[in-house]
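Examining the three-dimensional arrangement
So you can see what is in the structure, the chains are spelled out below.
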Amino acid sequence: MRTRTRTTALTTLLVAGSLLAAAGCAKEDDTTDSSPAAKPRAVKAVPGCGKGSWTDPADLAPDRKPARCGKGAPAPQRLKKERSLTIATGTLSAEYVAPLQMAVKKGEFKKEGLDVHLKVLPTPDALPLLAKGDIDAQWAAPEAAVMNGITSGFTIKWAAGNFSPDPKSKSGLWVKLKKGEHADHVPMAGRKLGTMIGKGSVISYPMGKALKKHGGGLDEIQFQQLGSADVLTALQNGGTDSAWLLDPVWRKVDGDKRYAFLGGQPQAEPLGGLLFGPELLTKDPDAGVALLRAYIRTVNTYFAGDYKADKAFVSELAKLLKTDEAVLRSTPSLRMDWEIRSGTTDRLQDAYEAAGVAEGDKVPEEKAVDRKLYGEAVGHKP
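Anyway, here's the lowdown on the structure attached to this text. (Residues numbered from 1 in each chain as written. Predicted model: local features only at pLDDT ≥ 70, side-chain atom pairs only at ≥ 80, totals over all residues. Heavy atoms only, no water.)

Taken as a whole and judged by the stated rule, the model has 28 salt bridges. Of the charged contacts, one joins Glu 112 and Arg 297 as a salt bridge, the two residues approaching to 2.8 Å between their closest N and O atoms. Remark: Arg 297 occurs in helix α9 (residues 285–302) and Glu 112 occurs in the loop between α3 (108–111) and β2 (114–120); sequence separation between them is 185 residues. Glu 112 sits in the buried class, given a relative accessible area of 0%. (Salt bridge = Lys/Arg side-chain N within 4 Å of Asp/Glu carboxyl O. Helix = DSSP H or I, 4+ residues; strand = E, 2+ residues; numbered from the N terminus. Buried < 20%, exposed > 50% of the residue type's maximum accessible area, 1.4 Å probe, protein only.)

Following this line, the structure appears as C-alpha cells:
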C-alpha cells in the first residue's frame, strides 16, 4: 500500500480535522458509500442535444471544442415537487461563477422546479456541510481537502466542470526576471511564490507543470500565502519572486519586459465546477439532473462562444457580478465547459502529493467523479 506525504500546513490540518469529524456524522446519517448502489437510470434522447453535446472524456487536445447543445437546450423538465437547493460558492463576483448567477437571474432553475440559493462559504467550511447534506452542492474544485475527505468516507463527487481559459489568456504563473534571465528559461528552484491559494489548490497541477519546465518543482519553492489584493503588489515590490496571477490582474504586468509568463491552466481541461453530496447523488438524483440541466442550458444559451463580443450582455454581466465593465472586457471570454476530462483527478492528486498535502492512498477516479448525471441531462448513453 502506497503511503502519501502528510502536510504540516496548519490550514490543511484544520480542514482535515473538520472533515474527519463530519465524516463521523455522515456515517451516523448513513450518507457514505456504504449505502446501496443506485439502480441505473433511464437515459432518453434530448431534442437540441445531438452528437456535439458530448465529447470523449479521454480527448485532451488543447483545441478540443467544448460540448454544446442548441440555444435553449436541454429544455426544462419541471420536477413534480418543487425542491429547494443550496449551492455554496467561495465568491459571487468571479467570472467563472457567472453561469450560476445568470441561471438564477434568468429563472432557469425555476423552470426546473428548483428554488436555488447561492451561499458564499469558503471551501473548508462548506465541505463538512456538503458531506452531511446540510447543503446540496458546491461550486468549487476537487482540491486536496476534497480528495482527503473522500478518503475519510465522504460521499462527494465532482459532477460537472466549469471552464478552461481562452488560448489568449495569461492567467497563471508569472515571475519577476533577474538580471540576465530570459522568459524561455527561468531557474525556479529556491524562489518564493506568492499565491492567495495554498498548496492544496487545483492550481498546484498546472503550477507544477510550469515549474518543471524551468528547473524547479512544487517541493523546491517557498510558498507565500497572500491576500488577493497583495499578490501583485508583492511581486512588483520584490516581496515575492513569482506569483499566480488571475484574470484580470495579469494585465498589469503583461508587456513589461521585467516579467515573464511561465504557464497557466491546461487548455480544454476544466479543474473545477459542481461538487455534489449525498443529497443529489443518491437521495434525489432527479433534482441533481434538473440542476445540471438548468446549468447546461444556461451555458448553451448565454455562454456558448465569445460572449464578450456582445456589448449589451457584458454590461448585464458586469452588473450581475458587481464588477467594472471595462475590467470584464479586458480579458478574453472563458470557455465554459460542463464536462470532466479523464485522469484530471489523478493528475491533481499527483500534484498534491508532490506539494506534500495528500493523505492516504490515491482516490480512484470512479470514486471522485460522476459523469452520469450530466450525461443524462443531454441524453448521452454511456
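So much for the structure itself; the text now carries on.
With that settled, consider the state of the cysteines. If you walk through the whole model with that rule in mind, you get 1 disulfide. One disulfide bridge connects Cys 49 with Cys 69, the sulfur atoms lying 2.1 Å from each other. Because the sign of the S-S torsion sets the handedness, a value of about 110° for the bond joining Cys 49 and Cys 69 places this disulfide among the right-handed ones. Placement of Cys 49 in the loop between α1 (10–28) and β1 (83–89) and of Cys 69 in the loop between α1 and β1 is noted, with a sequence separation of 20 residues between them. Of the residues examined, Cys 49 reaches a relative accessible area of 9% and is grouped as buried. Judged by relative accessible area, which is 10%, Cys 69 ranks as buried. (Disulfide = S-S within 2.5 Å.)

Let us now look at the nonpolar core. Residues Leu 114, Ile 156, Leu 274, Phe 276, Leu 291, Tyr 295 and Leu 317 are the most contacted members of the largest nonpolar core, which totals 97 residues. For this core, the leading source of residues is α9, giving 9 residues. Setting aside chain neighbours within four positions, we find Leu 291 in contact with Leu 85, Ile 87, Phe 109, Leu 114, Val 116, Ala 137, Phe 276 and Leu 280. Trp 174, Leu 235, Trp 250 and Val 253 belong to the second largest nonpolar core, which has 9 residues in total. (Core = buried A, V, L, I, M, F, W, Y, C linked by side-chain atoms within 4.5 Å. Contact = heavy atoms within 4.5 Å.)

Okay, the packing of aromatic side chains next. Evaluation of the coordinates by the stated rule reveals 8 aromatic pairs. Ring centres of Trp 174 and Phe 261 lie 5.4 Å apart, and the angle between their planes is 40°; this geometry places the pair in the tilted category. Of this pair, Trp 174 sits in strand β6 (residues 172–176) while Phe 261 sits in strand β10 (residues 259–264), and the two are 87 residues apart along the sequence. What makes Phe 261 partly exposed here is its relative accessible area of 28%. With a centroid separation of 5.4 Å and 75° between ring planes, the pair formed by Phe 303 and Phe 313 is classed as edge-to-face. In this pair, Phe 303 is assigned in the loop between α9 and α10 (311–321) and Phe 313 in helix α10, connecting sequence segments 10 residues apart. Comparing Phe 303 with Phe 313, the two get one shared label, buried. Through a chain of ring-to-ring contacts, the aromatic side chains of Tyr 302, Phe 303, Tyr 307 and Phe 313 assemble into a single cluster. (Phe/Tyr/Trp six-rings, centres within 6.5 Å; stacked < 30°, edge-to-face > 60°.)

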